[in-house]
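Read off the chains here:
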Amino acid sequence: MEIKVFDSVQKVGQAAAMIFAAQLMKNPRSVLGLATGSTPIPTYQQLIALYQEGLVDFSQAQSYNLDEYCGLSHEHVCSYYYFMHEQLFDHINIAKDAVHVPSGMAQDFDAECKGYDAAIAKAGGVDLQLLGIGRNGHIAFNEPDACFTHGTHVVSLTKSTIQANRRFFDSEDQVPTRAITMGVGSIMAARQILLLATGEDKAEAIRDTVKGDITPQVQASILRTHPNVVVLLDREAASLL
Ligand code: GLP
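Reference entry: report on the structure contained in this document. The structure presented is a predicted model; accordingly, all values stated were derived computationally and were not measured. (Residues numbered from 1 in each chain as written. Predicted model: local features only at pLDDT ≥ 70, side-chain atom pairs only at ≥ 80, totals over all residues. Heavy atoms only, no water.)

### Details of the overall build of the chain
Right, on to step 1. Each helix and strand counted, the chain has seven helices and 10 strands in total.
Right, on to step 2. A compact globule built from 241 residues would reach a C-alpha radius of gyration of about 18 Å, and the chain, at 17 Å, matches this within 12%.
Right, on to step 3. For the chain, the spread of C-alpha atoms along the principal axes amounts to about 45 × 45 × 35 Å.
Right, on to step 4. Counting all 241 residues of the chain, 54% fall into the buried class.
Right, on to step 5. Relative to all contacts within the chain whose residues are 6 or more apart in sequence, the contacts with residues 24 or more apart total 81%.
Right, on to step 6. The centroid of the 18 positive side-chain charges in the chain is displaced by 5 Å from the centroid of its 27 negative side-chain charges. (Helix = DSSP H or I, 4+ residues; strand = E, 2+ residues; numbered from the N terminus. Rg over C-alpha atoms; globule rule 2.2 N^0.38 Å. Buried < 20%, exposed > 50% of the residue type's maximum accessible area, 1.4 Å probe, protein only. Contact = heavy atoms within 4.5 Å. Lys, Arg positive; Asp, Glu negative; His and termini not counted. Charge placed at Lys NZ, Arg CZ, Asp CG, Glu CD.)

### A word on the sheet that holds strand E2 (residues 31-34)
Right, on to step 1. Spatially, E1-E10-E9-E6-E2-E3-E5 is the arrangement adopted by the seven strands of the open sheet, whose pairing is parallel. The open sheet has two edge strands with one neighbour each: strand E1 (2-6) and strand E5 (99-100).
Right, on to step 2. Where strand E9 (residues 192-197) lies against strand E10 (residues 229-234), five bridges are found, and the strand directions are parallel. Bridge pairing in E10 links Ile193 to Val229.
Right, on to step 3. Packed onto the sheet, helix H1 (residues 9-26) meets E1, E2, strand E6 (128-131), E9 and E10 and runs at close to 155 degrees relative to E10. (Pairing = 2+ DSSP bridges. Axes fitted to C-alpha atoms, helices over the stretch in contact; angles between N-to-C directions.)

### Remarks on the site of the ligand
Right, on to step 1. Taken together, 14 residues lie around the ligand, and Ser38, Thr39, Asp67, Arg167 and Lys202 are the ones closest in.
Right, on to step 2. Take Ile133: an N or O atom from its main chain is 3.2 Å from an oxygen atom of the ligand.
Right, on to step 3. Asn165 places a side-chain nitrogen or oxygen 3.5 Å from an oxygen atom of the ligand.
Right, on to step 4. Protein chains bury 94% of the 390 Å² of accessible surface belonging to the ligand in isolation.
Right, on to step 5. Of all the cavities here, the one that holds the ligand is the largest pocket.
Right, on to step 6. A breakdown of the residues in the shell around the ligand according to their chemical character gives four nonpolar, seven polar and three charged. (Near = heavy atom within 4 Å. Polar contact = N/O pair within 3.5 Å; in protein donor to acceptor, adjacent residues only side chain to side chain. Areas by Shrake-Rupley, 256 points an atom, 1.4 Å probe, with all protein chains shown as cover. 1 Å grid on protein atoms, 1.4 Å probe; cavity = no way out; pocket = protein on both sides within 12 Å on 5 of 7 lines; lining within 4 Å. Sits in = over half its atoms within 2 Å of the grid points. Nonpolar A, V, L, I, M, F, W, Y, C, P; charged D, E, K, R; others polar.)

### Comments concerning the layout of surface pockets
A water-sized probe, rolled over the atoms, reveals where empty space remains.
Right, on to step 1. Taken as a whole, the largest pocket holds about 590 Å³ of empty space.
Right, on to step 2. Taken together, 34 residues make up the lining of the largest pocket; nearest its centre are Thr36, Gly37, Ser38, Asn165 and Arg167.
Right, on to step 3. At the level of secondary structure, the elements contributing two or more residues to the lining of the largest pocket comprise strand E4 (67-69), helix H3 (80-87) and helix H5 (159-165).
Right, on to step 4. Looking at the lining of the largest pocket residue by residue, the classes come out as 14 nonpolar, 14 polar and six charged.
Right, on to step 5. Each pocket or cavity is described by its volume, and for the second largest pocket that value is around 170 Å³.
Right, on to step 6. Lining of the second largest pocket is provided by 13 residues; of these, Asp117, Ile120, Gly185, Ser186 and Ala189 occupy positions nearest its centre.
Right, on to step 7. Sorting the residues of the lining of the second largest pocket by element identifies helix H4 (109-122) and helix H6 (184-188) as the ones contributing at least two each.
Right, on to step 8. A per-element tally of the lining of the second largest pocket places H4 first, with three residues. (Points joined across faces, edges and corners; volume = space filled by probe spheres on them.)

### Concerning the pattern of salt bridges
Close approach of charged atoms allows side chains with opposite charge to pair.
Right, on to step 1. Under the defined criterion, the tally for this structure stands at seven salt bridges.
Right, on to step 2. For Arg235, the salt bridge goes to Asp7, with nearest N and O atoms at 2.8 Å. Of this pair, Arg235 sits in the segment after E10 while Asp7 is found in the loop between E1 and H1, placing the two residues 228 residues apart along the sequence.
Right, on to step 3. A residue is classified by how much of its surface remains accessible, and Arg235, at 48% relative accessible area, is partly exposed.
Right, on to step 4. Here Asp208 makes a salt bridge to Arg207, at a shortest N to O gap of 3.1 Å.
Right, on to step 5. Looking at Asp208, the relative accessible area reads 26%, which means it is partly exposed. (Salt bridge = Lys/Arg side-chain N within 4 Å of Asp/Glu carboxyl O.)

### Considerations on H4
Right, on to step 1. Spanning 14 residues, H4 covers 20 Å between terminal C-alpha atoms, matching the ideal 20 Å at 1.5 Å per step.
Right, on to step 2. When H4 is considered as a whole, its buried residues turn out to be Phe109, Cys113, Tyr116 and Ile120. Around the axis of H4, the buried residues are gathered within 65 degrees of arc, so they sit on the same side. Facing away from the buried side of H4, by more than 90 degrees, are the exposed residues Lys114, Ala121 and Lys122.
Right, on to step 3. Looking at the buried positions of H4, the neighbouring elements they touch are strand E3 (62-65), E5, strand E7 (153-156) and strand E8 (178-181).
Right, on to step 4. Between a side-chain oxygen at the N-terminus of H4 and the backbone nitrogen of Asp110 the separation is 3.1 Å; the capping residue is Asp108. (Expected span 1.5 Å × (residues − 1). Arc of directions from axis to C-beta.)

### Here's the deal with the nonpolar core
Right, on to step 1. Counting 60 residues, the largest nonpolar core has Leu88, Leu194 and Leu223 as its most contacted members.
Right, on to step 2. Each residue touching Leu223, except ones within four places of it in the same chain, is listed here: Met1, Leu131, Ile139, Met188, Ile193, Leu195 and Val229.
Right, on to step 3. By size, the runner-up hydrophobic cluster in this structure holds 11 residues, among which are Tyr69, Cys78, Phe141 and Val175. (Core = buried A, V, L, I, M, F, W, Y, C linked by side-chain atoms within 4.5 Å.)

Laid out in structure tokens, this is it:
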């Protein structure tokens, strides 16, 4: 695990965007694993700027997002599908049919989960996976648990995650209580992983991920067993290391 600490949130975003740009330059047909939340927004802004300058080309790339809330349609402003289009896809030249977000409105979630894993496998697996981290050490929506889950699955969100994500909704009772998420096994299958964390409220999760036990109670801790993980932090998120 390679850890880099930067002076500002903006620099974390710039550094992450540089890694994505390098990946796309090396392989324009890259399969990108993308994440939602506030943390990757500066990365997406930098990627849009690099695209506008003609330095990054997404025309042959594919993307797979980590997760989605159950019960929110593509048109819902709080859905991750909507977020990704608003924050990134609508501003770059990625093909419409090359972007994938698990469906929160599936009739049959079991089939949706199996189909999502099969699609990633058929695409050749994820080349570069972007991750944020929850305050309780969750990655995607893999909450603290007794075990690590392999593939895409449906989860119940913890109270702390619902409270943390409440800021995007009008009220706490509007935050969905379930989500569909790639499993830790699917995340670990990516060839390279880029974990971002910014702000003081991520400091404990980062300390536990980097220095604590490798345990499903801190799902991100398993990243230490992956051969190619880069962690980009601002000073606040790194303050307990
Ligand atoms: C949600 C997402 C995660 C994300 C986390 C932290 O739970 N499912 O992928 O890492 O929020 O979000 P933020 O970056 O807004 O703190």
